[in-house]
Structure formats: structure tokens, C-alpha cells
Amino acid sequence: MSIPKPDLTRLTLAILFIAGMIAASFWILAPFLPATIWAATLVVATWPIMRRVQARLWNSRALAVTVMTIAILLVFVMPFWLAIDTIVKNSEQIAHWGEFVTTMQMPPPPAWLGDVPLVGRRAVEIWLKIGDASSQELLQRIRPYAVTATQWFVGAVGSFGMVLLQFLLTLAVSAIMFTKGEGAADMVVRFARRLAGERGVESARLAAQAIRGVALGVVVTALVQTAIGGLGLVITGVPFAPILCALMFMFCIAQIGPGLVVIPAVIWMYVSNDAGWATVLAVFGILAISLDNVLRPLLIKKGAHLPLLLVLVGVIGGLIAFGLIGIFIGPTVLAVAYTLLQAWVAEGDAMEARPTVTSDPPPP
């Protein structure tokens, strides 16, 4: 009986047709992909909260979806919207600040600084090092890069109208996903099982945990840090507090932290001979900066055990590659890949650790 030869032409055309359909589908959906990815990230991260809200609202899915959509609008969308609006509208002022910082001359340390117990002499030494000629030369060298970085950031964020449209699409897609969440999850599980069996199902679950950990660790920590640092700016009467709060929020999202805003503000207040309020702002700043080492690891571990360096690289790389939406895409993709890699390696270790069963030799 002869074995029929495979029809290579038919097989090649079928593969090309499927690849073309996939490419065409992504091309059509390209304008909606950023909002869909963002909405999926938010829904996966907050799905357990939505279930608890539904249980408290007489098990009404409609009421729970309404509450969660409003919560996403207030907690996630509005801070980004306000921060981006403030940065884009004041981009020229921010660029001017960058030029001013690189050209300013440090005054001599105040006379009272050396009399501070324990840290006075050390603070004077640091002050003088910052103001020496080499530091000023370094500032002059980085001056063009500061202006370029500001212009790049505004370009990466994009126009305010486009960002607003993406936010509205995100809210709409989030509401749909909340309404049909079980069906979407079941489809993902079925696709993962069809693709890789039970290992694929486990991979999908690990991916959801990684997404939840990144969303909670990055966004919630940034909100808390900005709230504490912004409260300090408002209480101490620092000028342009809304712009500084917007910058602080974006720096926290980018895993840089609030130090780039708070520390110069504290130095400016000390130079302005306002030592009392400067000390109050320094306390708020220390509290906001220290949350990076406390709150963020705690929130990330609620989803999955991820190294903080991976989250940092994902946020910065995602912002460079995809713009604003890359803040979520970058760390989520890296977190999913890292989690799946760990599971694959652990599975191999478990297989090697299994004792090998050897059969006894037959009796002579």
C-alpha cells in the first residue's frame, strides 16, 4: 500500500492564507489595540475586586460593572488624564526649568547648616561638592539632553485629544470585559488548552497573576507616592504644585520615583532661607521615596513574584517602544515571559528529581 505524498502546494497556500488573515485582522484592529490591552490589564488586575463588589450589591452584575467602571475612571484614568494634560500644556515651562537647572549656580551653604547636630558638617560637604566646578561643568554638558528628553517625553505622550480618545475606548472596553468576563476567560483557557494542553492552561493562569502584580505594583504605588509628595508640595506652598505633581506621577509610573521633583524643591526652599517648611517637605519626600522599597514589592507579590529590575526595564522599554500605553505593555509582557520561563524551568527540575524506576532483572 503506497503512502500518499503530501500536497506541498496546498499546504503552503493554506499557511499563507492563515498568516494573511491574521495580519489583516491585526491591521484592522490596530487603532483599538492600545485601549484593548490597557482595558484587559485593568480588568484582570481588578477582577477579584469586581466579584466582591458584585456580592455586596445583591449579586447584580450591572451595578457591579457600573461601580467598577466609575472606580477605574477615578483611580486609573483621571490621574493619567490630568497629568498628561498638565505636562503637555506646560511643556515649554518644563523645558525652561530643565535649562534653568543646568545653568544655575549653587550659592554657598547657609550659616546655620553646619550647626545642625549629627549631620551638619556632612551636609555642608555635600553642598560644596554639588556646587564645585566639576558639577557645574557636568550640568552644562547634560543641558542639551535635558531639553531633548523633555521634547521626547511630550512627543511620546502624544496629543491630548488622542489620549482622551484612548481613555474613552479603554473605559468602554473595560465595561464590556467586566460584563462578559467569565466568557472571555473561558475562551482564553480553551485556546490555551488547544494550543499546549494543560501546560497552556497553567501558563494562562500564571500570565493573569503576572498582569495583576504589575498593575497593582506600578499604578497603586505611583498613586500613593504622588499623593504623599503632592500633599507636601501643597502644604509647604511650593510654586507650580500641579505641574510638579503631574511630573512626579509620571516619574513614579516610569519607576524613577518622586526624588527628581521633591529633592530639587527641598534644595530650593533651603536656598530661599525657608528652612522650616523645607524640613517639612523633606519629611514628606523621604516618606514618598521610601514607599518604593515597601509598598511596591508587597503589591507585586500579591500577583506574582517578580524582580523589581524586570518591572523597571519593562516600564522604560515599553514607554520607548509603544508610547504611553507601553508603561503597561512593557512590564506585563516581560512579567508574563519571566513567569512562564520560571514555570518551564521548574517543571524540568521536577522531572529530573523524580526517582527512576528500574525493573529487577529476571531470575536465572
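Heads up: the structure comes first, above all this text.
Let us look at the structure shown here.

About the cut-offs
Residues numbered from 1 in each chain as written. Predicted model: local features only at pLDDT ≥ 70, side-chain atom pairs only at ≥ 80, totals over all residues. Heavy atoms only, no water. Phe/Tyr/Trp six-rings, centres within 6.5 Å; stacked < 30°, edge-to-face > 60°. Helix = DSSP H or I, 4+ residues; strand = E, 2+ residues; numbered from the N terminus. Buried < 20%, exposed > 50% of the residue type's maximum accessible area, 1.4 Å probe, protein only. Salt bridge = Lys/Arg side-chain N within 4 Å of Asp/Glu carboxyl O. Expected span 1.5 Å × (residues − 1). Arc of directions from axis to C-beta. Contact = heavy atoms within 4.5 Å.

## Observations concerning the packing of aromatic side chains
If you walk through the whole model with that rule in mind, you get one aromatic pair. Ring plane angle 10° and centroid distance 6.4 Å describe the contact between Trp47 and Phe178, whose orientation is recorded as stacked. A residue pair is termed long-range when its members are at least 10 positions apart, and Trp47 in helix 2 (residues 33-56) and Phe178 in helix 7 (residues 160-179) qualify at 131 residues. Its relative accessible area of 17% is what places Trp47 among the buried residues.

## Things to note about the pattern of salt bridges
According to the stated counting rule, one finds three salt bridges in the structure shown. Across the pair Glu182 and Arg51 runs a salt bridge whose closest N-O atoms are separated by 3.9 Å. Of this pair, Glu182 sits in helix 8 (residues 181-235) while Arg51 is found in helix 2, placing the two residues 131 residues apart along the sequence. Using a relative accessible area of 38% as the deciding quantity, one classes Glu182 as partly exposed. For Arg51, a relative accessible area of 44% gives the class partly exposed.

## Remarks on helix 11 (residues 275-290)
Its 16 residues place the ends of helix 11 22 Å apart at the C-alpha level, agreeing with the 22 Å of an ideal helix rising 1.5 Å per residue. All of the buried residues in helix 11 are Ala278, Leu281, Gly285 and Ala288. Taken around the axis of helix 11, the buried residues stretch over an arc of 80°, which confines them to a single face. Helix 11 presents Val283 and Ile286 as exposed residues on the side facing more than 90 degrees away from its buried surface. In this fold, the buried residues of helix 11 make contact with helix 8 and helix 10 (259-271).

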